[in-house]
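Analysis of the macromolecular model
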Amino acid sequence: MSVTPVTEPTDQPTDPATTDAAPTDSYAPTPRTVPTRSKERARYDRETVHSILDQAYVCHLGFVRDGAPVVLPTLFGRVGERLYLHGSTGSRPLLAAGTSDPGLPVCVTVTHVDGLVLARSAFHHSINYRSVVVHGTAYQVTDEEERRMALDALVDHVVPGRSADSRPANTRELAATAVIRLDLDEVSAKLRTGGPNDDAEDLDLPFWSGVVPVAHAYGAPVPAADLAPGIAVPDYLATL
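All of the points below concern the structure found in this document. Note that the coordinates shown come from a computational prediction; the quantities given were computed from them, not determined experimentally.

1. Details of the overall build of the protein
- When its secondary structure is counted, the protein shows four helices and nine strands.
- Listed by position from the N terminus, the elements making up the protein come as β-α-β-β-β-α-β-β-α-α-β-β-β.
- When each of the 240 residues of the protein is scored for burial, the buried share is 37%.
- Taking the intrachain contacts of the protein between residues at least 6 apart in sequence as the baseline, contacts between residues at least 24 apart amount to 74%.
- Summed over its atoms, the accessible surface of the protein is roughly 14200 Å², and 56% of this surface lies on carbon and sulfur atoms.

Structure (structure tokens):
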């Protein structure tokens, strides 16, 4: 199957990290980004959204294929007001983003779990979390310079500084890799913090209630079995 690249709208900015006008401090709420429940937990400021995205490794990419919903976990990287996702040139969403006109409607989500909220009643159990939902249209990246920049961003999203400390993709690897981009335009964050919300009549029940914090931790780097002697652990790994 050949992939015919989509021609993006002519008003798309050529610089992947900038737009024609400086962005405001917040994203504008839309009917799709305003939650129907717990609206007070929604956030639209860029600082919160970017922080949640930048601290995540995996996003979930949702789209419709043959009339049915599909959700795939994948790596991503943020450059300014755009997300970049990559995969095989034969993957379903990347093929669709390159053959659909105008692009592929998608929904991208990211979630962090920060705590287990244990209430006295089963009904009020919950989790403390931070999440971001992005709605929009994904386009296949065909410009060679932008593709290389996006792939570097994906590597550096996992470990900052790693792209400069590894061999870049060669021609064969680039030919096997497709990249799609999604503008951060229709975006919202949602957060839950604090303890359980027990009902007043349950406060005297003999059950423990509270929060179990959940934290991300890194272990000591483990060298590859075939690593040449004398190659030290990079300094940037010490800052993870």
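2. Let's talk about the environment of Asp235
- Relative to the assigned elements, Asp235 resides in the segment after strand S9 (210-213).
- Judged by its relative accessible area of 67%, Asp235 falls in the exposed class.
- Separated by 74 residues in sequence, Asp235 and Gly161 have C-alpha atoms that sit 9.7 Å apart.

3. A closer look at unusual backbone geometry
- One non-glycine residue, Ser38, lies in positive phi territory at about 50°.
- One can find Ser38 in the segment before strand S1 (42-43).
- The class of Ser38 is partly exposed, set by a relative accessible area of 21%.
- In this structure, Asp66 takes a positive phi of about 55° despite not being glycine.
- With respect to the secondary-structure elements, Asp66 resides in the loop between strand S2 (58-65) and strand S3 (68-79).

4. A word on the side chain of Ser121
- Looking at the element boundaries, Ser121 is found in the loop between strand S5 (104-118) and strand S6 (126-140).
- Excluding anything up to four places from it in sequence, Ser121 contacts Asp198 and Asp202.

Here is what the cut-offs are and how they apply
- Residues numbered from 1 in each chain as written.
- Predicted model: local features only at pLDDT ≥ 70, side-chain atom pairs only at ≥ 80, totals over all residues.
- Heavy atoms only, no water.
- Helix = DSSP H or I, 4+ residues; strand = E, 2+ residues; numbered from the N terminus.
- Buried < 20%, exposed > 50% of the residue type's maximum accessible area, 1.4 Å probe, protein only.
- Contact = heavy atoms within 4.5 Å.
- Areas by Shrake-Rupley, 256 points an atom, 1.4 Å probe, with all protein chains shown as cover.

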